[in-house]
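Topology and contacts: notes
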Amino acid sequence: MNSRITIAFLILMIGTLNAQGNVVKDSVLFSQKVVRDDKMFEDVWRAKRGTLLLTSQKMEFKSKRPNHSRFDFSIPYSQIKSIRPFYGFVIPNRIKIKTETGATYRLFTYKKRKIIKITREQMAST
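Structure report, in brief. Remember, it's a predicted structure, so these values are computed and weren't measured experimentally.

1. Considering the overall build of the protein chain
- When helices and strands are tallied, the protein chain shows 2 helices and 7 strands.
- For the protein chain, the succession of helices and strands along the chain, N to C, is α-β-β-β-β-β-β-β-α.
- Here the protein chain holds 126 residues, and the buried ones make up 31% of them.
- By element, 57% of the accessible surface of the protein chain is carried by carbon and sulfur atoms, the whole surface being about 8700 Å².

Pasting the structure below:
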């Protein structure tokens, strides 16, 4: 009885290790704190601050506050139609992102050239 349990446990462990080995590693290429300002009329009095993560697979925005989680997004590079600087309201440190589905996102950041460069490189490689 003990040997059957041990063999079953070993088979289960080998299967688990094999499944974990097949997971695609999504490494972070760049990370920066940004402000999402395209939804300025939703929850007007609070800034939608968060972190922009450029990984090897996608661009991802995670807000700092749990009650702003509806502003989070994750876009695979293959779904990004364009990314460019946005010069609206006399504030030059913005990025505008358009997706293939027609959704647009606007971020306020101080490293816009680096973000655009990394994103365009990843778009070209996919």
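2. Things to note about the pattern of salt bridges
- Taken as a whole and judged by the stated rule, the model has 4 salt bridges.
- Residue Glu 60 is joined to Lys 58 by a salt bridge in which the shortest nitrogen-to-oxygen separation is 3.9 Å.
- Judged by its relative accessible area of 23%, Lys 58 is partly exposed.
- Across the pair Glu 60 and Lys 62 runs a salt bridge whose closest N-O atoms are separated by 3.7 Å.
- It is possible to trace a salt-bridge network through shared partners that takes in Asp 37, Arg 94 and Arg 106.

3. Digging into the side chain of Glu 60
- Secondary-structure assignment places Glu 60 in strand 3 (residues 58-63).
- The contacts of Glu 60, once residues within four sequence positions are left out, are Thr 51, Leu 52, Leu 53, Phe 73 and Ser 74.

Parameters and conventions
- Residues numbered from 1 in each chain as written.
- Predicted model: local features only at pLDDT ≥ 70, side-chain atom pairs only at ≥ 80, totals over all residues.
- Heavy atoms only, no water.
- Helix = DSSP H or I, 4+ residues; strand = E, 2+ residues; numbered from the N terminus.
- Buried < 20%, exposed > 50% of the residue type's maximum accessible area, 1.4 Å probe, protein only.
- Areas by Shrake-Rupley, 256 points an atom, 1.4 Å probe, with all protein chains shown as cover.
- Salt bridge = Lys/Arg side-chain N within 4 Å of Asp/Glu carboxyl O.
- Contact = heavy atoms within 4.5 Å.

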